[in-house]
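Architecture at a glance
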Amino acid sequence: MTRNGGSSALSRWVQWRVWVQASFLLLWLDPLALRLHTVCGPVFHCYSCPLAAVACPIGVLANFSALHVVPFLAIGTLLVIGGLLGSLICGWVCPFGFLQDMVGRIPVRKFELPAWTAYGRYAVLAGLVVLVPFLWGESHALFFCRVCPAGALEGAVPNVIRQAVAHQPITWPSTTKWIILGAFLTAMLFFWRPWCTMLCPLGAVYSLCNHVSAFYLKVHTDRCTGCKLCHSACNHGLRPNERANDPRCIRCLECTQCDHITLANVFWDTKAVPAEEPTMIESNTPDRIRS
Amino acid sequence: MKVDVNTRTKTVPTLLILAGLILLGYGLLLRSHPVDGPASEAKKTTVVREYQLVREVTVGGVERTELGHLRRTYSGSGPALCPT
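Residues numbered from 1 in each chain as written. Chains lettered and ligands numbered in written order. Predicted model: local features only at pLDDT ≥ 70, side-chain atom pairs only at ≥ 80, totals over all residues. Heavy atoms only, no water.

**As for the domain arrangement of chain B**
Residue and element names in this part refer to chain B. What the domain assignment lists for chain B is domain 1 (1–30) and domain 2 (32–84). Between domain 1 and domain 2, the contact holds four residues from the first and four residues from the second. Where domain 1 touches domain 2, the interface holds two residue pairs in polar contact (both at pLDDT 80 or more). (Domains from an automatic or database assignment. Contact = heavy atoms within 4.5 Å. Polar contact = N/O pair within 3.5 Å; in protein donor to acceptor, adjacent residues only side chain to side chain.)

So this is what it looks like as structure tokens:
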């Protein structure tokens, strides 16, 4: 078994993924109390959280849509991060994804979500993040932040606790928020990353970038024996050797347990193969999927 | 279909990243918005940079009026919490 040059060194970080996620969580929880809410972060972390370091890009998109203002900073952030990393952010950096990973580790039987549920993310992005705020403003009941489970968990709950501890009048979140939060906490037990898989609008943006991002999963099909190790390593029921850069992939890189799948990038891939080389393909090409 | 992934994907991510950097630069350095004062001080219009507007929306500090203007929702120190 071989690896593909320097870029595969990143693949070797897989065993440390939990610690990388935990480290980023610390960063997003603003240990230095900087409260840089003028900066759009690249992850799904509610800025209403008393410990949020940066602004949530989806919250900014939704609020700017309600104001009928184009959010250049948020779009720029998403383009840079998406173009560079794709959904690698989801698997390694996002605190809400980390929470779902942790809850998912509770040993309860997991069910697989149908593939079509992934389209829900695009519907949420187009509907609740852009259209509803644009047409009806932020006071609408379906304004994204009003139904966001991350907002409920990271913003509303800590604020209720903080107000209770400080003996201040408590601002209770709406019943809808409690119901959505309860539903997702329950779903996290029975499905791997239900929010990311079905509804996350930020994941929708990054997943679209998976097809073109600088970092990508490369399958060395000439060496693939069809052992399906990568299938069993994938918690989301994907088939990395057939479609490594699937939009549903969160790039947790568990599939790189097989040395024939590596994380590569277009800028400093040390063993680039010439165009005529027949042994290396990007496995998300449609005819490959259907063959 | 056999594809040289390096050749195929290098241009697109480069363009995406460049476009993102241009938008970030524009939003950070050039973009600003006139924001009216709160209803009680409606004539006080200030120019707010986009990054300041990002901060304002995180606490519901700005709203859109029926006339399409941006208006601050508070006077004095801003709200501590997001309205949702």
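We are not done yet, so read on.
**Looking at unusual backbone geometry**
For residues besides glycine, phi is generally negative; the peptide bonds are generally trans as well. Residue and element names in this part refer to chain A. In this model, R193 sits at a positive phi of 45°, which is unusual for a non-glycine residue. Here R193 shows up in the loop between helix 9 (175–190) and helix 10 (194–198). The class of R193 is buried, set by a relative accessible area of 1%. Even without being glycine, R251 reaches a positive phi, approximately 55°. Mapping R251 onto the fold places it in the loop between helix 12 (229–233) and strand 4 (261–265). Here R251 falls in the buried class, since its relative accessible area comes to 1%. (Helix = DSSP H or I, 4+ residues; strand = E, 2+ residues; numbered from the N terminus. Buried < 20%, exposed > 50% of the residue type's maximum accessible area, 1.4 Å probe, protein only.)

**A few points about the side chain of R251(A)**
Reaching out from R251(A), the side chain makes a polar contact with the side chain of S213(A) at a distance of 2.9 Å. In contact with R251(A), not counting residues within four places along its chain, are L85(A), G86(A), S87(A), L88(A), G91(A), W92(A), N210(A), S213(A), F215(A), Y216(A), L217(A) and N245(A).

**With respect to the packing of aromatic side chains**
Residue and element names in this part refer to chain A. As enumerated under the stated definition, the model contains 10 aromatic pairs over all chains in all. Ring centres of F96 and W195 lie 6.3 Å apart, and the angle between their planes is 80°; on these two criteria the pair is classed as edge-to-face. One end of the pair, F96, is in helix 5 (residues 95–104); the other, W195, is in helix 10, with 99 residues separating them in the sequence. F96 gets classed as buried once you look at its relative accessible area, which sits at 2%. With relative accessibility at 4%, the residue W195 sits in the buried group. Taken together through their ring pairs, the aromatic side chains of F44, F96, F144, F184 and W195 make up a single cluster. Between the NZ or CZ atom of K110 and the centre of the ring of W192, over which it lies, the distance is 5.3 Å. (Phe/Tyr/Trp six-rings, centres within 6.5 Å; stacked < 30°, edge-to-face > 60°. Lys NZ or Arg CZ within 6 Å of the ring centre and 35° of its normal.)

**Some thoughts on the sheet that holds strand 1 (residues 32–36) of chain B**
Residues and elements named next belong to chain B. Pairing is mixed in the open sheet, where four strands are placed in the order 2-1-4-3. Looking along the sheet, the strands with just one partner apiece sit at the ends: strand 2 (46–49) and strand 3 (62–64). Geometrically, the sheet is characterised by an average inter-axis angle of 45° between neighbouring strands, direction not taken into account. Taken together, the four bridges between strand 1 and strand 2 define a ladder with antiparallel strand orientation. By the bridge assignment, S32 is partnered in strand 2 with R49. (Pairing = 2+ DSSP bridges. Axes fitted to C-alpha atoms, helices over the stretch in contact; angles between N-to-C directions.)

**Quick word on helix 6 (residues 120–136) of chain A**
Residues and elements named next belong to chain A. The terminal C-alpha atoms of helix 6 lie 21 Å apart, and with 17 residues this falls more than 12% below the ideal 24 Å at 1.5 Å per residue. Looking at the buried positions of helix 6, the neighbouring elements they touch are helix 2 (57–67), helix 7 (144–147), helix 10 and helix 11 (201–209). At the exit of helix 6 stands G137, carrying a positive phi of roughly 80°. (Expected span 1.5 Å × (residues − 1).)

**Re the environment of T117(A)**
All names here are of chain A. Along the chain, T117 turns up in the loop between helix 5 and helix 6. Judged by its relative accessible area of 8%, T117 is buried. Between the C-alpha atoms of T117 and R248, which are 131 residues apart in sequence, the distance is 9.8 Å. Setting aside its immediate chain neighbours within four residues, T117 contacts T197 and M198. A polar contact of 2.6 Å, which involves the side chain of T117, links it to the backbone oxygen of P114.

**Description of the packing of helix 8 (residues 149–165) of chain A against helix 9 of chain A**
Residues and elements named next belong to chain A. Interhelical geometry of helix 8 versus helix 9 gives an angle of 110° and a closest axis separation of 8 Å. For the element pair helix 8 / helix 9, the angle class is roughly perpendicular. As for how helix 8 packs across helix 9, the hand of that crossing is left-handed. Residues P149, G151, A152, L153 and V157 of helix 8 pack against K177, W178, I180, L181 and F184 of helix 9. Considered class by class, the residues forming the contact of helix 8 with helix 9 number eight nonpolar, one polar and one charged. (Parallel < 35°, antiparallel > 145°, perpendicular 65-115°, else oblique. Left-handed = near helix turned anticlockwise from the far one by under 90°. Nonpolar A, V, L, I, M, F, W, Y, C, P; charged D, E, K, R; others polar.)

**Some points on helix 8 of chain A**
All names here are of chain A. A rise of 1.5 Å per residue sets the reference length of helix 8, with its 17 residues, at 24 Å; its end C-alpha atoms lie 23 Å apart and thus fit the reference within 8%. Approximately 25° is the largest bend angle found in helix 8, and it occurs at A156, with the proline P158 only one to four residues beyond. Looking at helix 8, one finds that the buried residues are P149, A150, G151, A152, E154, G155, A156, N159, V160 and Q163. The inward-facing, buried residues of helix 8 abut helix 5, helix 7, helix 9 and helix 10. Looking at the residues trailing helix 8, positive phi occurs at H167, about 55°. (Bend = angle between axes of the 7 residues up to and from the residue.)

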